[in-house]
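Notes for the structure review
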Amino acid sequence: MSGEVPLWEVFIRPRNGLSHKHVGSIHAADEVMAVQAARDVYTRRGEGNSIWVVPSKAITASDPAHADENFEPTSDKIYRHPTFYDIPEEVGHM
Amino acid sequence: MYSQGLIGADGRTNETPEFLERFQRRIDAEEKIEPNDEMPEGYRRTLVRQIGQHAHSEIVGMLPEGNWITRAPSLRRKAALLAKVQDEGGHGLYLYSAAETLGVSREEMTEELLDGRAKYSSIFNYPTLSWADIGTIGWLVDGAAIMNQIPLCRCSFGPYARAMIRVCKEESFHQRQGYEIVMTLAQGSPEQKEMAQDSLNRWWWPSIMMFGPHDADSQHSDQSMTWKIKRFSNDELRQKFIDATVPQAEYLGLTIPDPDLKWNEEKGGYDHGPIDWDEFWRVVKGHGPMAKDRIKARKKAWDDGKWVRDAALAHAEKRQARKMAAE
């Protein structure tokens, strides 16, 4: 349908030094208006100091139906965690 | 796993004093610099070089350890080593993407590594001659990397600092699996203990050198400290590392191969013997025992991977065309 106002995903950097986090989405005719609208909708109470907007149709997501085979196999790889190794207390940390 | 005092940074910069002052005020206020912020050319160049060297070190660092994956003494050790080498590859990728935020491409960085313009940590130009070396690398080389990388989590450049936080979270497992290997050998048969000692003898000095030249000889350190890319000097980090690892060696009943090493009550740390800087510079300049093999291996991986990259692009094109036809 033509004349539809596109959807944008909004990411905000909450504080100096942190990475942008997804906060929600916004409808806007172009990227300039999207940033302005995101500012008005998502940062009215000092929620951040930087905004990114990305066209929602540019996001490719993993399939929730495949979550098990995508992410479950890491749970039996306990040797990827430091606690797997027996190091006497007195040796200390690096 | 990496890290070494940056070699050959060039912090020269041409901006006006007002610009530099404004930038420095942000740094002094502990504001993080983000990719789209204005920054001195020297700051950008130093970071591109440092993050690039760091990324290359992670990738080249996979080679000496990869050498032992098929010969790990048990399934437990093999699974851990595979996971560690896989992590190093991941660390390289986090770092390449941090460098790419500064406007340099992954292809350019790869090219610089393969044609010898870019450096990587000199430690990876030593060979892994025995299984014990896998333990010693985890203990000392990853230990030295932790010492270096923890302050980098507070580096003034946002993407680098954030990449380092991720890396440091994963690094602790590397150091502990290494120490566990050395401990198993040190508490094993006399032959196993000898293997551990021999490995410590070969890796101790190269590990100490990972912190880079002494402060007095480290020309570019000051500018990096002022810009808060670096938080501690080479010698400060080296001292921390020695103070942490000497008791760990004592616990294992192993001897640090430095006859001058002794506790200095006054400074509350160990004094160490002279470092062979001739050897350090020889290795940095590409004359390490394994330097040629490392670059050859990277070059082969790049060349042999060409058909995979081409095939992936061709496949993507085909899929795109099919999608267009269906629409």
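These figures come from a predicted structure and were not determined experimentally.

Another aspect to go through is the overall build of chain A. Assigned secondary structure in chain A consists of 2 helices and 3 strands. Each helix (α) and strand (β) of chain A, taken in turn from the N terminus, gives the series β-β-α-β-α. Here the C-alpha atoms of chain A give a radius of gyration of 21 Å, more than 25% beyond the 12 Å that 2.2 N^0.38 yields for 94 residues. Projected onto its principal axes, the C-alpha coordinates of chain A cover approximately 65 × 35 × 15 Å. Sorting the 94 residues of chain A into buried and exposed places 23% on the buried side.

Below, the discussion takes up the overall build of chain B. On a plain count of helices and strands, chain B comes out with 13 helices and 2 strands. Relative to the compact-globule value of 20 Å for 327 residues, chain B shows a C-alpha radius of gyration of 21 Å, a close match. For chain B, the C-alpha atoms occupy an extent of roughly 70 × 55 × 35 Å along the three principal directions. Buried residues in chain B amount to 52% of all 327 residues. In chain B, of all internal contacts separated by at least 6 residues, the share reaching a separation of at least 24 is 80%. In the structure as shown, chain B presents an accessible area of about 15,200 Å², 54% of it carried by carbon and sulfur atoms. Computed over 44 positive and 50 negative side-chain charges, the separation of the two mean positions in chain B equals 6 Å.

Let's shift gears to the sheet that holds strand S2 (residues 21-27) of chain A. Residues and elements named next belong to chain A. Pairing is antiparallel across the open sheet formed by 3 strands, whose spatial order is S2-S1-S3. Of all the strands in the sheet, the pair left with one neighbour each is S2 and strand S3 (50-55). Shown here is a sheet whose adjacent strand axes are inclined to one another by a mean of 30°, direction ignored. Strand direction decides the pairing type here: strand S1 (residues 7-13) and S2, joined by 6 bridges, are antiparallel. Considered in S2, the bridge of Leu-7 is made with His-27. Lying on the sheet, helix H1 (residues 31-42) is in contact with S1, S2 and S3; it crosses S2 at an angle near 115°.

Residue and element names in this part refer to chain B. The residue Glu-30 is not glycine, and still its phi comes out positive at about 60°. Here Glu-30 shows up in the loop between helix H1 (17-28) and helix H2 (41-60). Here Glu-30 falls in the partly exposed class, since its relative accessible area comes to 34%. Despite not being glycine, Lys-228 has its phi angle at roughly 55°, a positive value.

Scored by pLDDT, chain A comes out at a mean of 92, with 98% of its residues at no less than 70. At the low end of the mean pLDDT range in chain A sits helix H2 (residues 67-71) of chain A, at 88; at the high end sits S1(A), at 98.

So, on to the packing of aromatic side chains. If you walk through the whole model with that rule in mind, you get 13 aromatic pairs over all chains. Relative to A:Phe84, the ring of A:Tyr79 lies with its centre 6.4 Å away and its plane at 70°, an arrangement referred to as edge-to-face. A:Tyr79 gets classed as buried once you look at its relative accessible area, which sits at 18%. Aromatic side chains B:Trp204 and B:Phe241 sit 6.1 Å apart centroid to centroid with 25° between the ring planes, which places their arrangement in the stacked category. Separated by 37 residues along the polypeptide, B:Trp204 in helix H8 (residues 190-209) and B:Phe241 in helix H10 (residues 234-252) bring together distant segments of the chain. A relative accessible area of 1% means that B:Trp204 is categorised as buried. Through a chain of ring-to-ring contacts, three or more aromatic side chains come together here, namely A:Tyr79, A:Phe84, A:Tyr85 and B:Phe173.

Moving on, we get to the side chain of B:Ser233. Residue and element names in this part refer to chain B. Mapped onto the elements, Ser-233 comes out in the loop between helix H9 (221-226) and H10. In this structure Ser-233 comes out as buried when scored by relative accessible area, which is 9%. With residues up to four places along the chain from it excluded, the contact list for Ser-233 reads Asp-215 and Met-225.

On to the side chain of B:Gln177. Relative to the helices and strands, B:Gln177 resides in helix H7 (residues 158-186). Looking at B:Gln177, its side chain comes within polar contact range of the main-chain oxygen of B:His174, at 3.3 Å. Apart from residues lying up to four places away in sequence, B:Gln177 is in contact with A:Tyr85, B:Ala80, B:Lys84, B:Ile134 and B:Gly138.

Between the first and last C-alpha of H7(B) there are 42 Å, a value that for 29 residues agrees with the 42 Å anticipated at 1.5 Å per step. Roughly 30° is the biggest bend found in H7(B), and it falls at B:Glu170.

Contacts between the two partners involve 19 residues from chain A and, on the opposite side, 27 residues from chain B. Between chain A and chain B lies a buried interface of about 2,000 Å² when both sides are counted; carbon and sulfur atoms form 61% of it. Across the chain A-chain B interface, the total number found is 1 salt bridge. Viewed at the interface, chain B and chain A are joined by 10 residue pairs in polar contact (both at pLDDT 80 or more).

Residues and elements named next belong to chain B. All chains considered together, the criterion is met by 25 salt bridges over all chains. One salt bridge connects Asp-142 with Lys-84, and the closest N-O pair in it is separated by 3.0 Å. Here Asp-142, found in helix H6 (residues 132-152), pairs with Lys-84, found in helix H4 (residues 75-100); they are 58 residues apart in sequence, far enough to count as distant. The same class applies to Asp-142 and to Lys-84, which are both buried.

Now for helix H12 (residues 291-304) of chain B. All names here are of chain B. Look at H12: 20 Å from first C-alpha to last across 14 residues, which is about the 20 Å you get at 1.5 Å a residue. Taken residue by residue, H12 has Ala-291, Arg-294 and Ile-295 as its buried positions. For H12, the angular spread of buried residues about the axis comes to 90°, placing them on one side. Seen from the open side of H12, the exposed residues pointing more than 90 degrees away from its buried face are Lys-292, Lys-296 and Lys-300.

On the surface, A:Asp63, A:Asp68, A:Glu69 and A:Glu72 cluster together into a negatively charged patch. Counting through the fold element by element, A:Asp63 comes out in the loop between S3 and H2.

Rules of the game
- Residues numbered from 1 in each chain as written.
- Chains lettered and ligands numbered in written order.
- Predicted model: local features only at pLDDT ≥ 70, side-chain atom pairs only at ≥ 80, totals over all residues.
- Heavy atoms only, no water.
- Helix = DSSP H or I, 4+ residues; strand = E, 2+ residues; numbered from the N terminus.
- Rg over C-alpha atoms; globule rule 2.2 N^0.38 Å.
- Buried < 20%, exposed > 50% of the residue type's maximum accessible area, 1.4 Å probe, protein only.
- Contact = heavy atoms within 4.5 Å.
- Areas by Shrake-Rupley, 256 points an atom, 1.4 Å probe, with all protein chains shown as cover.
- Lys, Arg positive; Asp, Glu negative; His and termini not counted.
- Charge placed at Lys NZ, Arg CZ, Asp CG, Glu CD.
- Pairing = 2+ DSSP bridges.
- Axes fitted to C-alpha atoms, helices over the stretch in contact; angles between N-to-C directions.
- pLDDT = per-residue confidence, 0-100.
- Phe/Tyr/Trp six-rings, centres within 6.5 Å; stacked < 30°, edge-to-face > 60°.
- Polar contact = N/O pair within 3.5 Å; in protein donor to acceptor, adjacent residues only side chain to side chain.
- Expected span 1.5 Å × (residues − 1).
- Bend = angle between axes of the 7 residues up to and from the residue.
- Buried area = accessible area lost by both parts, 1.4 Å probe.
- Salt bridge = Lys/Arg side-chain N within 4 Å of Asp/Glu carboxyl O.
- Arc of directions from axis to C-beta.
- Patch = residues over 30% accessible without salt bridge, like charges linked within 9 Å, V, L, I, M, F, W, Y side chains within 5 Å.

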